[in-house]
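Listed below, chain by chain, are the residues.
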Number of protein chains: 2
Amino acid sequence: MILSALATSVGINLGLTVLLAAVYTLLRRRPPYVAVYSPRRPYAPPEPWLPAAWRRTEEDVHAAAGLDGVVFVRIFVFSIRVFTAAAVMGVGVLMPVNFLGDQLRQIDFSDLPNKSVDLFSVSNVQDGSNKLWLHFSAAYTITGITCYLLYYEYKYLSGKRLEYFTTSKPLPQHFTVLVRAIPVTGDGSVSDAVDKFFKEYHSSTYLSHTVVHQTGKLRRLLNDSENICTKLANLKSVRHTSGDPPRRFLGIFGRNDIVGKYQKRLEDLEENVRMEQSDATRSRQEVAAAFVSFRSRYGAANAIYIRQSDNPTVWQTEHAPDPHDVYWPFFSTSFMERWISKFIVFVASILLILVFLLVSAFVQGLTYMEQLEQWLPFLKNILEIAVVSQLVTGYLPSVILHFVSSYVPSIMKLFSTMQGFISVSGIERSACNKMLRFTIWSVFFANVLTGSVLGQLEIFYDPKEIPKRLAVLVPAQLFNVYSPKYDTGGRFWPIVHNGTIFSLVLMHIIAIGVFTLKKLPLASSLLVPLPVLTLLFNEYCRNRFLPIFEAYSTESLIKKDREEQSKPEMAEFFSNLVTAYSDPAMKPIQRSLNSDDRTTPLLSSA
Amino acid sequence: MILSALATSVGINLGLTVLLAAVYTLLRRRPPYVAVYSPRRPYAPPEPWLPAAWRRTEEDVHAAAGLDGVVFVRIFVFSIRVFTAAAVMGVGVLMPVNFLGDQLRQIDFSDLPNKSVDLFSVSNVQDGSNKLWLHFSAAYTITGITCYLLYYEYKYLSGKRLEYFTTSKPLPQHFTVLVRAIPVTGDGSVSDAVDKFFKEYHSSTYLSHTVVHQTGKLRRLLNDSENICTKLANLKSVRHTSGDPPRRFLGIFGRNDIVGKYQKRLEDLEENVRMEQSDATRSRQEVAAAFVSFRSRYGAANAIYIRQSDNPTVWQTEHAPDPHDVYWPFFSTSFMERWISKFIVFVASILLILVFLLVSAFVQGLTYMEQLEQWLPFLKNILEIAVVSQLVTGYLPSVILHFVSSYVPSIMKLFSTMQGFISVSGIERSACNKMLRFTIWSVFFANVLTGSVLGQLEIFYDPKEIPKRLAVLVPAQLFNVYSPKYDTGGRFWPIVHNGTIFSLVLMHIIAIGVFTLKKLPLASSLLVPLPVLTLLFNEYCRNRFLPIFEAYSTESLIKKDREEQSKPEMAEFFSNLVTAYSDPAMKPIQRSLNSDDRTTPLLSSA
């Protein structure tokens, strides 16, 4: 890649950003869009949105998007801080040093735009030069700054998570446990087994339970009936608003014929739904899983953290998700089933990485004009135009890569779904982790292995890449755009922390390699303690902070339980808790057609 | 190594075994030894001991040595089974095939004893020969048999562990939790902090606590006074039994002078002990750790499995060991201290492996006569005697290696002690794991790397080696010899399981390498699923059985608690429980001099 191609790429990206911001500013109050953004109106001041967005306090973000929103914003801030440190170091110190080196060729200022960016990389520094100690110091400094920032964020967010728990109103997920692999003896029902077990072993805290049912067929029927409802509503609105509807939409049938037909089908469907619902409740389609609710948070914690049965593969308990966060369609329950699907997903992930490696090897070829002209000789004339050439080598590769990789998150989500997670957030968190591994193995290694190795190393001095990639996948709970569907209490942060530690260690290993290649073995040896120290730091954080993100303590749980013991509103909460985890597909048809229980709107009305 | 040297080695080992067994048979009823073995007399029938030992049932072993004893015996049985399968396969099929190969040289039956053992190894099979498929099948067969045996044992021992728990009488360790890193506010004592915390958060189940004290100095004083007591007792017994004691033992002083002097010193020491004890109790030497006892097993489990404090580095809880199993001398408590010592131990372990690698590289040289004559030319004449030569190449290397490695377990125990384990069993289990890693890295890899690689590969077809090595370290709770000091409830088995899985996978990797070298790439490829399947099997066991060895379930705990609730003997048990975990060094001096609380005899009197 030559310098001017890089500049073109930067220019296009900047231009696109400004353009998109301008379009948003203009369109957000126009008729079709105002409906999308209006529910947030109370938070959106009349002044220009961009400066206002920058002025939002963390309390605003918390109120609008929960702790996950706060974590998301802080991931951005953390990335910007690390990137700033790396940029100051890189642009201010390393790049001038690299450029003034003479390993690659004598400096020729006359034709700067056509120079390869390699001139700015460590490749251009003379082998064994003492200037390399600047790169050595940079590795230590950036690691130090990043670890300090990581520690600071982890500590801050741990505090926030505890604070969030202490100030939260009673939430069903804190009182409820998901039980899987429920063993059923003889011809008893799952429901009876659950009741017997928890009345026996958790008599003082057990409140109620909801057995999960297979509702795939029901869900399909409900979807169909909903589609017809929408069509009917459209037809009716057309009739009301315009006196002479365009005939071509209705074809050869009259409007009333069609309405009647739809109404007939809708009635049939509703009858089917009712039959299917009563079938499901009559225990024939019970799944060996249930949501079990307790009278106290501590009671629920007892059921989660102490193994329930002598046989570890039955009565498996775990945290229940937020009721809105439950992923009903896929509810695999058996120990073996989940186990086999995990293995299949593992193999599929490896295959995906291999496919992506092939694609990116091809794309990498694009950055070398000569190769491209060789592959596609008929394009030679067009490619020789300067602007086209710069577009193709500087911008096209990243566009193709981004286009291809934009499909990866959905595939990863599909994989995580297959693994049997029972919450949307669980699926997304697992997909995040998969995405991280995918990014590391395909994007990073593919770049290094297929490109010129030394020339590409500089990207590793920039650990911001991983949080940035993650940010693409984290469900965009951005202020003013989406309403949060669920709240994980900030549990996305540890993934970002681990990703950053991984990229730091990767940077160290590569730096050790670079110093060896550059014939400065002393620097290589002196760099060895750095990954060890980084991993020790990570281990410390894992002991000090991670448990806070995994579970609440006895101290917190009991304090919170006691605080609420005597509150009058708890009676109502518990009576709601009994039905909080019932499958929306099992609710009576009248409600399900009118309410929006199954389809959360893009924006909540709060 | 040539064949006759191997035969010599086998012969000497067999001879030594017979000799030692004969000496034991003759001497075990003679005066100085009868005292050692007599307490087991009820179990030792008058008939010859060797056949009797073979006839013991598992119930006998359980009664005499606890579940750990049963596990130990089963480790032996498991090893013998795996070894038998491997031997049948190896001696019956592979060795003849190897020997009939002609890769190394043409067969010459005339001089068999001087043939190198390499003739019996896979090295001797022609490259690319179809006979190699026999080796391929052997890898699959041995893996299959071993995994089946592992599964069978794991299942059997899991059942035994549950049975053992259900039938056990109330044990202090099931009701007690060790709490470390207790935070003390202001000038309050550790004891007050513990009382406050557990009365607050475990009010219904909390029974009592015992704070740990620094008793290093006290322990030294008690040791000294005990030594003097022994000397005094000896002097007195000499006076009683013989009318004219040999003067030379008493030197120039009279007997009474010496007795008086000892008694004076003893009184001084006892005074010091008493002062030190009262100092320690007056909270000046409190350690931030305590044993906290509960009214029920389930109450204790609650305190262990649910994190106690919002800050994960304080109020850290873990299973309390058997009171006799507590390792009082070293009681490091702070989170950071334990953390740093872990790291130091890690570095020290690596250094130890490096040192051992050097030693074994030297020893390996001994098996090659030419090298030895080159190093020590003056020995040439002696070495040329046939017997000496066979001794040196066949027997000496293993003797030296065994001699050197006999020191390793004690070093590993020292390392584990430094890591801050608080029970003897914990130290020994951790030392077991370290020993396993050490064996793998030093003995196995050193052999392979320093010897002729292909010639040494055969040893990997024999996964019995690791359980055998472990057996050396497991505290020899052998029937008729030692009384068990503590009981871990069979928690040594998972280590053996993991070690066996590791050696299987190592065998697979090496077999893949061998088939590649032997130019049978198809066999290499078809062997790849084997380690994957083995690891999946291991993962299954880890999910299915390991939790049973780590903790008891709610089901077991509550059942057991309820069973005993109304028993009258529980009142006495609880009153004893309050003092069960008091440091023996803190007990009043009168008792400590006469009882054997601190010094368990080699055999219990049961």
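Residues numbered from 1 in each chain as written. Chains lettered and ligands numbered in written order. Predicted model: local features only at pLDDT ≥ 70, side-chain atom pairs only at ≥ 80, totals over all residues.

Some points on the interface of chain B and chain A
Between chain B and chain A, the residue contacts involve 24 residues of the former and 24 residues of the latter. When contributions to the side of chain B that touches chain A are tallied by element, the ones reaching two or more residues are helix 10 (297-305), helix 21 (529-544), helix 22 (546-550) and helix 23 (554-565) of chain B. Per-element tally for the side of chain B that touches chain A: the top contributor is helix 23 of chain B, with 4 residues. Among the residues forming the side of chain B that touches chain A, the class breakdown is 12 nonpolar, 8 polar and 4 charged. (Contact = placed C-beta atoms within 7 Å. Helix = DSSP H or I, 4+ residues; strand = E, 2+ residues; numbered from the N terminus. Nonpolar A, V, L, I, M, F, W, Y, C, P; charged D, E, K, R; others polar.)

Concerning the environment of phenylalanine 502 of chain B
Inspection of the secondary structure puts phenylalanine 502 of chain B in helix 19 (residues 493-517). C-alpha separation for the pair phenylalanine 502 of chain B and asparagine 13 of chain B, spaced 489 residues apart in sequence, amounts to 28 Å.

So, the sheet that holds strand 1 (residues 176-180) of chain B
Residue and element names in this part refer to chain B. Pairing is antiparallel in the open sheet, where 4 strands are placed in the order 2-3-1-4. In the strand order of this sheet, the two ends are held by strand 2 (206-213) and strand 4 (316-319), each with one partner. Averaged over all adjacent pairs, the angle separating strand axes in this sheet is 30°, with direction ignored. Contacts from helix 7 (residues 190-201) reach strand 1, strand 2 and strand 3 (286-294), with the element oriented near 155° to strand 2. (Pairing = 2+ DSSP bridges. Axes fitted to C-alpha atoms, helices over the stretch in contact; angles between N-to-C directions.)

Here's the deal with the domain arrangement of chain A
Residues and elements named next belong to chain A. The assigned domain composition of chain A is domain 1 (3-170 + 337-556) and domain 2 (173-336 + 563-594). Across the boundary between the two partners, domain 1 contributes 18 residues, which contact 17 residues of domain 2. The element best represented in the side of domain 1 that touches domain 2 is helix 11 (residues 335-366), accounting for 5 residues. Residues belonging to the side of domain 1 that touches domain 2 are distributed by class as follows: 8 nonpolar, 6 polar and 4 charged. (Domains from an automatic or database assignment.)

Quick look at the environment of serine 123 of chain A
All names here are of chain A. Position of serine 123 among the secondary structure elements: in the loop between helix 4 (58-100) and helix 5 (132-167). Classification of serine 123 as buried rests on a count of 22 C-beta atoms within 10 Å. Separated by 275 residues in the primary sequence, serine 123 and serine 398 have C-alpha atoms spaced 23 Å apart. (Buried ≥ 20, exposed ≤ 12 C-beta atoms within 10 Å, placed from the backbone.)

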